[in-house]
Amino acid sequence: MAATHGQTTKGMRVGYADAAIERVTAESGIEYAYRELGDSEVPVVLLQHFRGNLDNWDPALIDDLAADRRVITFDNVGVGGTSGLTPSTIEAMAHGAIDFIQAMALTQVDLLGFSIGSFVAQEIALIRPDLLRRVVLASSAPKGAAGMHGWAADVIKAVGEPEPDPDGYIGVFFAQTDTSRKAGQEAAGRIFGRTKNNDEQTNWQTRLAQYDAVCTWGIPDHSELERVRAIGLPVLVANGDSDPMILPRYSYLLTGLLPDARLKIYPDSAHGFLFQHHAEFAADVNAFLSEAS
């Protein structure tokens, strides 16, 4: 049996909070920073949210996912500890992710894309469907959807300032209820509580490039909506019921456009529903990825 990723030499399982950063260099010359845990024949590769790096994944979610499968998180080009400059289009980001997957010598993967990462996942599914088995799109929207051209002023102020604002993060990623805010404080404690093996923070160039890509993705264009009909892979679409960043209606729209998709909306949650409901979401993802093709 293959060795389980994320274990010490004594066989003790290492959680994501303690996982070391590894590096791989692609043929392009880009050196990618990544972490991995767990074991499965087909790994699931995670694509991160706006301005996020390796440390911005909730360790509780990664540990829940890794209980059943090999999970790989990575910084795309120019993000965090990965070399290069962050590109300003989703298509270029998709090619960067494909470059990383190939550098890891992976011939088939599942994808879990979150927020801007879900846009990248859609693009990968269109460019290289042969590389993928199944796809999970969390807090997502199709390219060209009306009303997606940039985020609301209060949202971009909360998450787009030069210095990241923890209160703004919680205000966007969690719903305006006591239960969701409490879950947000707990998730923030897990995410920002890492004291060793830390990734490099994302810089201002990454913020500007990623927001350019988000705005271009959201230019209203009805014909662009037809693109996702070419994604014939099984897809799980998920969102929180109170997401102010990518409204739940886009999840319904995306599910209706995709040929083979199912939808789950998580209650009393917002953009970070997958952190708030980490155990339930991980169980749903693992069940979906375990289905016979």
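For the structure itself, consult the block above.
Sequence positions are assigned chain by chain, starting from 1 and proceeding in written order. Two thresholds apply to this predicted model, a pLDDT of at least 70 for residue-level local features and 80 or more for giving and counting side-chain atom pairs, whereas whole-chain, interface and lining totals are computed over all residues. Neither water nor hydrogens contribute to the side-chain values; these are computed over all heavy atoms in the structure.

Visitor: Which residues make up the overall build of the protein chain, and what values do they have?
Guide: A count of helical and extended segments in the protein chain gives 11 helices and eight strands. Values of the radius of gyration come from C-alpha atoms, whereas the globule rule sets the reference at 2.2 Å times the count of residues to the power 0.38. Computed over its C-alpha atoms, the radius of gyration of the protein chain comes to 17 Å, within 12% of the 19 Å expected for a compact globule of 293 residues. For the C-alpha atoms alone, the extent of the protein chain along its principal axes is close to 50 × 40 × 35 Å. Classification of residues uses two cut-offs on accessible area relative to the type maximum, computed with a 1.4 Å probe and protein chains only: under 20% is buried, over 50% is exposed, and between them is partly exposed. Burial analysis of the protein chain (293 residues in total) assigns 57% to the buried set. Computed with a 1.4 Å probe, the accessible areas rest on the Shrake-Rupley method; for each residue, only the protein chains presented here act as cover. When the accessible surface of the protein chain is totalled, it reaches about 12000 Å², and 52% of it is carbon and sulfur. Residues counted as positive are Lys and Arg, residues counted as negative are Asp and Glu, and His and the chain ends are not counted. By convention, the charge on Lys lies at NZ, on Arg at CZ, on Asp at CG and on Glu at CD. Of the charged side chains in the protein chain, 23 are positive and 38 negative; the average position of the first set lies 2 Å away from that of the second. Numbering of helices and strands runs from the N terminus, with a helix taken as a DSSP run of H or I at least four residues long and a strand as a DSSP run of E at least two residues long.

Visitor: Report on the nonpolar core, specifying residues and quantitative values.
Guide: Among buried residues, the Ala, Val, Leu, Ile, Met, Phe, Trp, Tyr and Cys ones that are joined through side-chain atoms within 4.5 Å form a nonpolar core. Counting 93 residues, the largest nonpolar core has Leu111, Phe275 and Phe281 as its most contacted members. A per-element tally of this core places helix 2 (residues 90-103) first, with seven residues. With residues near it in sequence (within four places) discarded, Phe281 still touches Leu61, Leu112, Val136, Ala138, Ala238, Tyr266, Phe273 and Leu274. Residues count as neighbours in contact if any of their non-hydrogen atoms are within 4.5 Å of one another.

Visitor: Provide a residue-level description of the side chain of Asn239, including the pertinent values.
Guide: Its place among the elements puts Asn239 in strand 7 (residues 235-240). The definition of a polar contact used here is a pair of N or O atoms within 3.5 Å, where within protein one atom must be able to donate a hydrogen and the other to accept one, and adjacent residues in sequence count solely through side-chain atom pairs. Within polar-contact distance, the side chain of Asn239 engages the side chain of Ser251 at 3.3 Å.

Visitor: Talk me through the pattern of salt bridges; I want residue IDs and the actual numbers.
Guide: Within this document, salt bridges are pairs made up of a side-chain nitrogen of Lys or Arg and a carboxyl oxygen of Asp or Glu, the two lying within 4 Å of each other. What the rule picks out here adds up to 16 salt bridges. Here Asp18 makes a salt bridge to Lys196, at a shortest N to O gap of 3.9 Å. With Asp18 in the segment before strand 1 (22-25) and Lys196 in the loop between helix 6 (178-191) and helix 7 (204-217), this pair connects stretches of sequence that are 178 residues apart. Overall, the relative accessible area of 43% leaves Asp18 in the partly exposed class. Across the pair Glu123 and Arg227 runs a salt bridge, and its minimum N-O distance is 2.8 Å. Here Arg227 lies in the loop between helix 8 (222-225) and strand 7 and Glu123 lies in helix 3 (residues 116-127), a separation of 104 residues in the sequence. Residue classification places Glu123 among the buried residues on the basis of a relative accessible area of 7%. You can call Arg227 partly exposed: its relative accessible area is 22%. Taken together, the salt bridges that share partners define one network made up of Glu123, Lys143, Glu224 and Arg227.

Visitor: Break down the packing of aromatic side chains for me, with residues and values.
Guide: Here a pair means two rings of Phe, Tyr or Trp (six-membered ring of Trp) with centres within 6.5 Å. Their orientation is stacked below 30 degrees between planes, edge-to-face above 60, and tilted elsewhere. Applying the stated criterion across every chain, the model contains 17 aromatic pairs. Measuring from ring centre to ring centre gives 6.4 Å for Tyr169 and Phe174, while their planes differ by 65 degrees; the resulting arrangement is edge-to-face. Take Tyr169 and Phe174: they sit in the same class, and that class is buried. Geometry around Phe288 places Arg134 over its ring, the cationic atom sitting 4.8 Å from the centre. Across from the ring centre of Tyr16, 5.5 Å away, lies the NZ or CZ of Arg194, which sits over that ring. Note on geometry: a ring has a charge over it if NZ (lysine) or CZ (arginine) is within 6 Å of the ring centre and within 35 degrees of the ring normal.

Visitor: Help me get a handle on the sheet that holds strand 5 (residues 109-114), residues and values and all.
Guide: Taking strand neighbours across the sheet as the criterion, the eight strands line up as 1-2-4-3-5-6-7-8 in an open arrangement whose pairing is mixed. Strand pairing shows two members of the sheet lacking a second neighbour, strand 1 and strand 8 (261-266), which therefore form its edges. Strand-to-strand twist in this sheet, taken as the mean axis angle between neighbours without regard to direction, amounts to 25 degrees. Taken together, the four bridges between strand 2 (residues 31-37) and strand 4 (residues 71-74) define a ladder with antiparallel strand orientation. Along strand 4, the bridge assignment pairs Glu36 with Ile72. Interaxial angles span 0 to 180 degrees and are taken between N-to-C directions of axes, which are lines fitted to C-alpha atoms, for helices over the stretch in contact. Each of strand 2, strand 3 (44-47), strand 4 and strand 5 is contacted by helix 1 (residues 59-66), which is oriented at about 145 degrees to strand 4, the strand it contacts most. The sheet contacts of helix 2 involve strand 1, strand 2, strand 3, strand 4 and strand 5, and relative to strand 2 the element is tilted by about 65 degrees. Whether two strands pair depends on DSSP finding at least two bridges between them.

Visitor: Outline the pairing of strand 6 (residues 132-138), supporting the account with residue identities and numerical values.
Guide: Of all seven residues in strand 6, seven are buried, a share of seventy percent or more. Across five bridges, strand 5 lies against strand 6 in parallel orientation. Within strand 6, the residue paired with Leu111 across the bridge is Val135. In this view, the connection linking strand 5 to its parallel neighbour strand 6 by way of helix 3 has right-handed handedness. The pairing of strand 6 with strand 7 spans four bridges and is parallel. Pairing of Val136 across the sheet is with Leu236, part of strand 7. By the criterion used throughout, a crossover qualifies as right-handed when its path from the first strand across the helix to the second strand runs clockwise, the strands pointing away from the viewer.

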